[in-house]
There are 2 protein chains.
Amino acid sequence: DGEFSAKRASTALPRCLLLPLADNKQKTDRVLVRVQDLIPEKADQLIWLRARVHTSRAKGKQCFLVLRQQQFNLQALVAVGDRASKQMVKFAANITKESIVDVEAFVRTVEQKIESCSQQDVELHIERIFVISQAEPRLPLQLEDAVRPDGDGEEEGRATVNQDTKLDNRVIDLRTTTSQAIFRLQSGVCQLFRDTLTEKGFVEIQTPKIISAASEGGANVFTVSYFKTSAYLAQSPQLYKQMCICGDFEKVFCVGPVFRAEDSNTHRHLTEFVGLDIEMAFSYHYHEVIDSITDTMVRIFKGLRDNFQTEIQTVNKQFPSEPFKFLEPTLRLEYTEAVAMLHEAGVEMGDEEDLSTPNEKLLGRLVKEKYDTDFYVLDKYPLAVRPFYTMPDPNNPKYSNSYDMFMRGEEILSGAQRVHDAQLLTDRANHHQIDLEKIKAYIDSFRYGAPPHGGGGIGLERVCMLYLGLHNIRQTSMFPRDPKRLTP
Amino acid sequence: DGEFSAKRASTALPRCLLLPLADNKQKTDRVLVRVQDLIPEKADQLIWLRARVHTSRAKGKQCFLVLRQQQFNLQALVAVGDRASKQMVKFAANITKESIVDVEAFVRTVEQKIESCSQQDVELHIERIFVISQAEPRLPLQLEDAVRPDGDGEEEGRATVNQDTKLDNRVIDLRTTTSQAIFRLQSGVCQLFRDTLTEKGFVEIQTPKIISAASEGGANVFTVSYFKTSAYLAQSPQLYKQMCICGDFEKVFCVGPVFRAEDSNTHRHLTEFVGLDIEMAFSYHYHEVIDSITDTMVRIFKGLRDNFQTEIQTVNKQFPSEPFKFLEPTLRLEYTEAVAMLHEAGVEMGDEEDLSTPNEKLLGRLVKEKYDTDFYVLDKYPLAVRPFYTMPDPNNPKYSNSYDMFMRGEEILSGAQRVHDAQLLTDRANHHQIDLEKIKAYIDSFRYGAPPHGGGGIGLERVCMLYLGLHNIRQTSMFPRDPKRLTP
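The text that follows walks through the structure, step by step, so that each part is easy to find. This is a predicted model, so every value here is computed, not measured.

Examining the overall build of chain A
Thinking step 1. The secondary structure content of chain A amounts to 15 helices and 20 strands.
Thinking step 2. With respect to the three principal axes, the spread of C-alpha positions in chain A is 90 × 55 × 40 Å.
Thinking step 3. Expressed as a percentage of the 488 residues in chain A, the buried residues total 60%.
Thinking step 4. The long-range share in chain A, meaning contacts at least 24 apart out of those at least 6 apart in sequence, stands at 67%.
Thinking step 5. Counting every atom, chain A has about 19,800 Å² of accessible surface; 46% of that belongs to carbon and sulfur.
Thinking step 6. For chain A, the distance from the average position of its 60 positive side-chain charges to the average position of its 69 negative side-chain charges is 8 Å.

Next comes the structure, spelled out in structure tokens:
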């Protein structure tokens, strides 16, 4: 019925209707309230609300609905009487789950708390109900199944939803309290990261993602058709961050996608993830860089703890984990100390060997036992296991001025002081057998005066996963990309 | 001399030295001051400063240096006497431009203002000078040439630098006062955009850039090799923003790269640019979306005007332009009004024809004359010239609930109310002859209840270019990508 308008709806019959699509021919002054604002103080007010039908259940001459907005929900009632016909109750009972409705209703206090809803002290007595958008009757997954903790379902014969089904139907899965909480917290991480660095005098930069040469040796890089030639997707913004340092921005950060063509099908690898990147000139010692980064991380941890407790608790309901612990100042261990701890725990490995993933995890547990922290820095990696642009340790050429940072035993940042001298950089690239022609623009950046500098790149999804104690990075990527998943 | 350390430098000879690279074996408490803090109140203090050698000029037994940090600089002097040998003056005179030096010096007030420097009331009397990083003697461009206004050079026989030379040597060009100002202002645009939206309750999202299907018909899209298959680079985050709306985030924004494989070599096209994207559910009318976006833009304009005046003035020195004008509330014209204005100005075009670039520009001038604003919204575009997912105007099926926004007569945003009904979306896609199989995931997103919603995408580089009255988008992209430029 193309003639139906919002104005008519507010003054005349009908009391229930499947609303036509283009219901915005005229503007209206009607105000929609929010579910979380429906508290006993609003009792007996007549309000308009737009929400999803979370559940609907007919019972004789009544229909009980649970109406939902994000993590908030409340009970609503259509009962046959002065204001509602039998037909209207039937209409309400037939509205499919996840449909979006507009209701005009009186707010009424209830005698017994409604334990199953976020608004436990009031319910709505519906006067009119209109369907704004109708959901198909068969949902690919049920929201209550998608938030059930693993294991809980099995005992009671109730279903849980496997991860691929969730990801295949992400638009529905995103509506769950768990997903809403995860991605609100992720938004918070980005904001805390930027606000902290902006306050410290860092400048935000935008770096290109399409690049002409695969910088780090050419492995694990995606190729792009670029008009009549080929290009690559940037594996990190590091070279561009460094050019900004050579360009006198002194301290820079960027937030953006990073691409890795690794055929790794693990719980912690994605082919596209969001990098939180930092680069800064320092005065005398690269530990100034480490201090800036750890201070930023601590500000993030505190911000999450202080401002996202609801989100943390919500995620914990489905995925229980210990609160995230950190120290001030941040614990910094040298690589040789870490190897000694592992040796003591019975691990056989060489002093200049890289850490395997299981050894990183074990080290995380040893550090947690000894220092009671889920966050620490491992400093002075062996030079041989780091990229060519890493500054060697001036006191010991077998080691380097480089570091990783760990949360709950998994790496979230890799960083280093960079070689800022074109000649040394050339020598190091030759040592790594890298084609100098391909990195000419990069090396040339250091020919016209470059300050000592360092930085690092943080994986956003890893930070969120590990802070919340989750076990799969696909839970903290809205639309994850891995070797087997490109859609939705 | 690998044995040289910072500690020794501060207590003993020598007084001038080319410092070895890895000069951070030990930590030091020495504090480096900033050039902008060197004011008469600091007179007669002995300070340490790290800066670039902007110029150096020997004159008898003296050497005058101009030392620079970003947009700040000051004069420094090495004179033969008690504290400096003839050799040291010679050493100072031979330091190449753009080298980075550490100096220990006394701050001295000057009798006559030094007009050529930002610090006009003081100079430094150098006690010791060390070269931290040596620039090659031959610079590919001179900073003073790179900031000279077009035309100024010609008359006096002085050089200007063409844009390709600047871009080829971006690390040097970024050091100019103009570039420093442009990219600090750009950083400000991003921050103002996000802060405004966060305050309005928007959630920041991260959307994938590698996608499985070219959403908008397949034209102008870059192809990526993705393991054993092919993928594409996202031409906009729009589909993902919309999925977030269907996923109940209600109001979302994102900042990230957008890729367009258009072989357009114009002053305003890039193949990769930064999109500032907004999407939101609205209550009753899509003008709620327009109001949110224009309010955000106005907040950006005011923030730039109030907090980036130094940057604006700096850019204006090289590229003069009129201050950017805007109205509150923002001017909104309907497409038919615009066509009438163009008709009146003698342009021949049909009512449902799209605006050509020259007509957009002309319209901008007509609007400026009539309303005195550099920013306005053009609403209700003909349906035929908009993408398939655009909501038709319920009052007139030839038009649509869509809009563009313009700054100084050039488009900076394109947006619309989106079709939120799977059936209508299917019909519209069929009408546009789009392969339904390829957009199945997108259409399916609307099958389980979707609120009315709309949004738009803003080009960051265009906003910066047009706000500053610049004439080429490559000036506001740090490392621009166009069909002919992939490097640096």
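Past the structure itself, the notes keep going.
Some remarks on unusual backbone geometry
Thinking step 1. Here the residue pair E328(A) and P329(A) is connected by a cis peptide bond, since its omega of -5° sits within 30 degrees of zero.
Thinking step 2. Take P329(A): it is sitting in the loop between α10 (309-318) and β14 (331-334).
Thinking step 3. The omega torsion across T487(B) and P488(B) is 5°, close enough to zero to call that bond cis.
Thinking step 4. Structurally, P488(B) can be placed in the segment after α15 (460-467).

Observations regarding the interface of chain B and chain A
Thinking step 1. Taken together, the contact pairs 111 residues of chain B with 111 residues of chain A.
Thinking step 2. When the two sides are added together, the surface that chain B and chain A hide from each other amounts to roughly 9,200 Å², 59% of it contributed by carbon and sulfur.
Thinking step 3. On inspection of chain B and its partner chain A, the count reaches 10 salt bridges.
Thinking step 4. A salt bridge links D248(B) to R68(A), with the nearest nitrogen and oxygen atoms 3.2 Å apart.
Thinking step 5. Taken together, chain B and chain A are joined by 52 residue pairs in polar contact (both at pLDDT 80 or more).
Thinking step 6. Element by element, the count of residues in the side of chain B that touches chain A is highest for helix α7 (residues 177-199) of chain B, at 10 residues.

Notes on the pattern of salt bridges
All names here are of chain A.
Thinking step 1. Counted according to the given criterion, the structure contains 76 salt bridges over all chains.
Thinking step 2. When the shortest N-O distance is used, the salt bridge between E352 and K398 registers 3.6 Å. Of this pair, E352 sits in the loop between α11 (335-344) and α12 (357-371) while K398 sits in strand β17 (residues 396-400), placing them 46 residues apart in sequence.
Thinking step 3. By relative accessible area, E352 is classed as partly exposed at 34%.

Observations concerning the relation of the copies chain B and chain A
Thinking step 1. Note on the identical chains: chain B maps onto chain A by a rotation of 180° and an axial translation of 0.0 Å, with an RMSD of 0.1 Å. Overall, the copies show the geometry of a two-fold rotation axis. In terms of proximity to the rotation axis, the leading residue of chain B is V224(B), whose C-alpha is 2.2 Å off the axis.
Thinking step 2. Looking at the interface residues of chain B, 100% of them are also at the interface in chain A, so both copies use one shared face.

Rules used in this analysis
- The residue numbering used here restarts from 1 in each chain and proceeds along that chain's sequence as written.
- The order in which chains are written sets their letters, starting at A; the order in which ligands are written sets their numbers, starting at 1.
- Note on the predicted model: pLDDT of at least 70 is required for a residue's local features to be given, and 80 or more for side-chain atom pairs to be given and counted; whole-chain, interface and lining totals, by contrast, use all residues.
- With hydrogens and water stripped out, all remaining heavy atoms of the structure feed into the side-chain values.
- Comment: elements are numbered from the N terminus, with helices defined as DSSP H or I runs of at least four residues and strands as E runs of at least two.
- Buried residues are those whose accessible area, probed at 1.4 Å on protein chains only, stays under 20% of the maximum for their type, while exposed residues exceed 50% and partly exposed ones sit between those limits.
- Residue contacts are counted whenever heavy atoms from the two residues lie within 4.5 Å of one another.
- All accessibility values rest on the Shrake-Rupley procedure with a 1.4 Å probe; residue burial counts only the protein chains present in the view.
- When charges are counted, Lys and Arg are positive and Asp and Glu negative, with His and the chain ends excluded.
- For the purpose of locating charges, the reference atoms are NZ of Lys, CZ of Arg, CG of Asp and CD of Glu.
- Throughout, the accessible surface (probe 1.4 Å) given up by two parts as they are put together, summed over both, is called the buried area.
- The term salt bridge refers to a side-chain nitrogen of Lys or Arg lying within 4 Å of a carboxyl oxygen of Asp or Glu.
- A 3.5 Å cut-off defines polar contacts: any pair of N or O atoms within that distance qualifies, except that in protein one atom must be a possible hydrogen donor and the other a possible acceptor, and neighbouring residues in sequence count only when both atoms are side-chain atoms.
- Here the copies were fitted onto each other by least squares, based on C-alpha atoms from residues at pLDDT of at least 70 in both.

So far we have only geometry, and geometry alone does not tell us how the molecule works.
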